[in-house]
Amino acid sequence: MWVNKFIILLVVTIFFMILIHSPASAREILVGNSSSGAAFPSIQEAVNDSSPGDIILVYPGIYNESVNIGIDNLNIHSASEKPEDTVIQTFNLAANNIVVSGFSIHENVSLRPFYSSGQGFIENCIVKNNLFLENSSGILLDNCYNSTFEKNIIIGTEAGIRGSECYNCIFSNNRFSNSSIHLSSGGSEINITIINNTFLNGQIGINYCSKNKIINNTIDGSGSGICIIDSHDNIIDNNSISNCLSGISAAFISGDNQITNNTLTSNTEGIIIAHYSSGNTIKNNTISNNDIGISLGDIALVIDNRIERNRKCGISLDLSPNDPTSTGTILIYNNFFNNTVNLFNNTEIDYLERGLDDAVWNTTKTPGKNIVGGPYLGGNYWAKPDGTGFSQNCNDWNGDGIGDLPYNINGTEYDYLPLVYRSKDKQPVFPVADFSVNVTGGYVPLSVLFTDLSQNATSRAWDFDNDGIVDSKDKTPVYVYPMSGTYAVNLTVSNANGTFSKLYPITAYDRPRYILKEAQITTNKYNQTMPAIYGDRIVYLDDRNGPRYHDIYMYNLSTSRETRITTNSSYHYNTGPEIYGDRIVWQKFRSTGSPDVLDKTDIHMYNLSASKEIQITNSGKAFYPDIYGDRIVWTDTRNGNGDIYMYDLSTSKETRITTNESHQDNPAIYGDKIVWEDSRNGKGYDPTDIYMYDLSTSTETQITADDSDQYSPDIYGDKIVWKDSRNGSNIYMYDLSTSKERRITTIQGYQGYHAIYGDRIIWVDDRNRNGEIYMYNLSTNAETQITSNKSLQSSPAIYGDRIVWTDSRNDYTVNGLPHTNSDIYMCTVSGIEPSLKIPVADFFANITSGDVPLKVLFTDNSTDAPMFWYWDFGDGIKSKHALNATHTFTKPGKYDVSLTVTNKNGSNTRIIPQYITAT
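Definitions and cut-offs
- Residues numbered from 1 in each chain as written.
- Predicted model: local features only at pLDDT ≥ 70, side-chain atom pairs only at ≥ 80, totals over all residues.
- Heavy atoms only, no water.
- Core = buried A, V, L, I, M, F, W, Y, C linked by side-chain atoms within 4.5 Å.
- Buried < 20%, exposed > 50% of the residue type's maximum accessible area, 1.4 Å probe, protein only.
- Contact = heavy atoms within 4.5 Å.
- Helix = DSSP H or I, 4+ residues; strand = E, 2+ residues; numbered from the N terminus.
- Phe/Tyr/Trp six-rings, centres within 6.5 Å; stacked < 30°, edge-to-face > 60°.
- Pairing = 2+ DSSP bridges.
- Salt bridge = Lys/Arg side-chain N within 4 Å of Asp/Glu carboxyl O.
- Axes fitted to C-alpha atoms, helices over the stretch in contact; angles between N-to-C directions.
- Polar contact = N/O pair within 3.5 Å; in protein donor to acceptor, adjacent residues only side chain to side chain.

Enquirer: Before we go on, may I ask you to explain the nonpolar core in this structure?
Expert: Note that soluble globular proteins tend to have their nonpolar side chains buried in a common cluster. Ranked by size, the top nonpolar core spans 83 residues in total, and within it Ile43, Phe91 and Leu296 carry the most contacts. Those residues within four positions of Leu296 in sequence are excluded, and the remaining contacts are Ile273, Ile282, Val302, Ile315, Ser316, Leu317, Asp318, Leu319, Ile330 and Ile332. Of all hydrophobic cores here, the second largest spans 29 residues; its members include Trp462, Val493, Tyr774 and Tyr870.

Enquirer: I keep staring at unusual backbone geometry and nothing clicks. Help me out?
Expert: Most peptide bonds take the trans form, and the phi angle of most residues other than glycine is negative. In this chain, Val852 is followed by Pro853 through a cis amide linkage whose omega measures -5 degrees. You can see Pro853 is positioned in the loop between β83 (849-850) and β84 (854-860). Positive phi is not limited to glycine here, since Asn201 has a value of about 60 degrees. One can find Asn201 in the loop between β19 (198-200) and β20 (204-207). For Asn238, which is not a glycine, the phi torsion comes out positive at approximately 60 degrees. Along the chain, Asn238 falls in the loop between β24 (235-237) and β25 (240-242).

Enquirer: Any chance you could explain the packing of aromatic side chains here in plain terms?
Expert: Pairs of aromatic rings are described using the distance from one ring centre to the other and the angle between the two planes. Under the counting rule described, the total for this entry stands at 41 aromatic pairs. Taken together, a centroid distance of 4.8 Å and an interplanar angle of 50 degrees make the contact between Tyr534 and Tyr580 tilted. Here Tyr580 lies in strand β57 (residues 578-580) and Tyr534 lies in strand β53 (residues 528-534), a separation of 46 residues in the sequence. Their ring planes at 15 degrees and their centres at 6.4 Å tell us that Trp722 and Tyr732 sit as a pair that is stacked. Of the two residues, Trp722 sits in strand β70 (residues 719-724) while Tyr732 sits in strand β71 (residues 730-735), which places them 10 residues apart along the sequence.

Enquirer: Can you walk me through the pairing of strand β58 (residues 583-590) in this structure?
Expert: Side chains on a regular strand alternate between the two faces of the sheet. Of all the eight residues making up β58, seven are buried; the element is thus mostly covered by neighbouring parts of the structure. Linking two consecutive strands that pair antiparallel, namely β57 and β58, is a turn of two residues; a positive phi of about 60 degrees is found at Gly581 within it. Two elements, β58 and strand β59 (residues 600-607), share eight bridges in a ladder whose sense is antiparallel. Within β59, the position partnered with Arg583 by the bridge is Asn607.

Enquirer: Would you mind showing me how to read the pattern of salt bridges here?
Expert: Close approach of charged atoms allows side chains with opposite charge to pair. One pass over the structure, following the stated rule, counts 28 salt bridges. Lys588 is the salt-bridge partner of Glu613, the closest N and O atoms lying 3.8 Å from each other. You can see Glu613 sitting in strand β60 (residues 612-615) and its partner Lys588 sitting in strand β58, a full 25 residues away along the chain. Overall, Glu613 belongs to the partly exposed group, its relative accessible area being 31%. The class of Lys588 is buried, set by a relative accessible area of 13%. Taken together, the shared-partner salt bridges in this structure form one network comprising Arg27, Asp49 and Asp54.

Enquirer: Before we go on, may I ask you to explain the sheet that holds strand β66 (residues 673-678) in this structure?
Expert: Two modes of strand pairing occur in sheets, parallel and antiparallel, and in both the strands are linked by backbone hydrogen bonds. Spatial strand order, β65-β66-β67-β68: four strands in an open sheet with antiparallel pairing. Strand pairing shows two members of the sheet lacking a second neighbour, β65 (664-670) and β68 (699-702), which therefore form its edges. Ignoring strand direction, the axes of neighbouring strands in this sheet form an average angle of 20 degrees. Examined bridge by bridge, strand β67 (residues 689-694) and β68 share four bridges and lie antiparallel to one another. Note on β68: the bridge partner recorded for Tyr693 is Glu700.

Enquirer: Teacher, can you tell me more about the side chain of Arg583 here?
Expert: The topology assignment puts Arg583 in strand β58. Among the polar contacts listed, one links the side chain of Arg583 to the backbone oxygen of Gly629, at a separation of 3.3 Å. If near-sequence neighbours (up to four positions away) are discounted, Arg583 is found in contact with Glu578, Met605, Tyr606, Asn607, Ile627, Gly629, Asp630 and Leu649.

Enquirer: What is the right way to read the pairing of strand β7 (residues 104-111) from this model?
Expert: With six of eight residues buried, β7 lies mostly within the body of the structure. Bridge count for strand β5 (residues 86-93) against β7 is six bridges, and the pairing is parallel. Residue Phe91 lies in a different strand from β7, and its bridge partner there is Val109. Examined bridge by bridge, β7 and strand β10 (residues 131-132) share two bridges and lie parallel to one another. Across the sheet, the residue bridging to Ser104 is Leu131, located in β10. In terms of strand pairing, β7 meets strand β11 (residues 138-145) through four bridges, oriented parallel. Bridge pairing in β11 links Asn108 to Gly138.

Enquirer: Teacher, can you tell me more about the sheet that holds strand β77 (residues 793-799) here?
Expert: Taken in spatial order, the four strands make up an open sheet running β52-β81-β78-β77, and their pairing is antiparallel. Two strands in the sheet have a free side with no partner beyond their single neighbour: β52 (515-520) and β77. Strand-to-strand, the axes of this sheet are offset by a mean angle of 20 degrees, without reference to chain direction. Where β52 meets strand β81 (residues 823-830), six bridges bridge the pair, whose relative direction is antiparallel. Paired with Lys517 across the strands is Thr828, a residue of β81.

Right, dumping it as structure tokens:
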């Protein structure tokens, strides 16, 4: 019995507990006019009377009210679920778990806490299936969390959906017409998802927030399609964007975003990565028929994209004003480029100095299917719509899908592993344009030697200033740039299968003007020849003590005193003294039999500090000495042929440097390196090459290997210069630090008797029909004429800013008979000479007006000795290197005419506006 009582008590207790803890049952509250039988005529009244969990059902009608919702868990929707039937002004959602569905909204729906309530966020709300009428302000969000906005139609509102501090929200399947989504946060991760929306004349803007997903949206707009500003780690995937100023843009420190699988067509720019936005990935997008496919302003990874038929260029680089803290590599590979211009690089050349590496256009060759179906990943596929793209025509003889040659994209950048898909039996041989230059820049007038290195070409055409006019068809032309500026050299080569070009920049600068201060060192009426200089000391041969016999004399510039070094006059032939520090060396002839037969020659040295002469050799067959420090080198024929020997003053030890049975001659020494001319690669003495021996490593190196002759090397530091006969008689140089050879002189005629000190090379040049001394500065690529006297100058030597030479300007006659009088002269090169005159351009025309075709003769009237003339007739036609010019104007108009004139001191231009009137 007691068990039954206990069960009854338990049931009663549970019943009361259910009554206490269960909420009241959810109600359905009807809103409508009096004829509908609804409980309330206004939505606000229904909200005020509702409890959490209630459903407010609104009958069709126009509700001219702004509804404030501060009660959680309400579901407010139209009875018809047809938004056009039920119209309201505003919903203000200030509570959680609210659903608003099926209304036409005149003003807006806002989700934001009532500020007086102290509530932090509005959470878990749903706004769906609503129609926002034109001129409404759409959906306004503030401190909104975990809410969904779906299947709404938003028309003609500037705001669309706009808000800040929205977290974990979803915007899906909405349709926008002349409206957009703009969301922002204070730089935090908000994790919003914008998916499956359609925009007509709208956009998506994400500002100052990260880790969002923008997926599968369709945008046909007029501004920016998807624009992210100062936002990181976003996923922008599978969107279709057209007719926008920019399809997708990442601006102002927007980094590490994934831009993938999007279709971008008919925009001004498909994808923009602005400056200060590094680390973005652009992958597997289709980017076509835009003005510019990708505009890249910072470090990015660009892979697996199809970038086709974009009107201006496929990809544009502009990295110049970048973030100085941004470092890394721009990696661009496995893309399909098919544009008339695939790359435009607008980057300033000095951006490398600010921490950025250049763009890299290929990855390491790696097994894997590439974008055109080949078996390896490497570079990019380079096509053009007209079928002339590199990858469309490049050979691939081993069938690995990688072109047999690297692709020079724009003259300076290379794809070393370009992709192709051509079978071997369908591969024609196309020409490949390539060339080298002896200098890439220098002072005007700048003379540049071009050498065609093209492959498979049957014809060539040079355009040295890229004005569309063919300047030369030679294989190794020389072109003189008379005016300062940067010139794009264009070499175009052709064969039966096609035509290809290479562009390369040459920069000509206005020349700094040196002060050339000349001084006569010797003044007597005898002959002083073959000078050498070290510091303040000049040494030379002097025949004042007997004809055909010479002594060594020295002149000290610091004391202005001349000293006779040798007192036993000896015959000297074709060689003068050399000096290093306080030591002078020379070859001295002597006779062992008849006094008239000089059959022995040895090397002697004089020590100025000890006032002592020493005989260095005893072979009687020693010639052409040179000295550096304690080491003296010379040519010695004691073994039948010429060998190079060395004597070390510090150890009193003689060393044979060469042992080859051919002839070695004319040695020079600097530090541990000895250079000479060597005939081992020819017959007899022809041809000769330049060789070098390194005392520190005991290794011999062949410097030149040309079939012509190279003579008389000189060396300073890592630079070796010599006279070369391959193009007549020119000066060449080899840089040991770069292993590169360089032609120094390009003018036809004789250049020889050369020497080098630091970055200056001097030589004798006969371009003016007498021997003049010229100097070339390796650091500035500038050539300077040192002497301009009409007599003969020869045997120059250089030390620092001082150049000395033998000069015959003081030859004289006695009783009508000529007498030679060679003197030693010196020039000190320093500073800038403000008084050197730049030419002043001036000209006039024989007529200045008339009917077309109007033929006009222009006459130069310039002053101060111009050397080059450049006319611009104002109608797009120019005349180069013409002192006077005749030009025919074929179209009516008023034409500005200008003339630029240049000499070795600089350039000057005169322009006469509207000088010619053709009617």
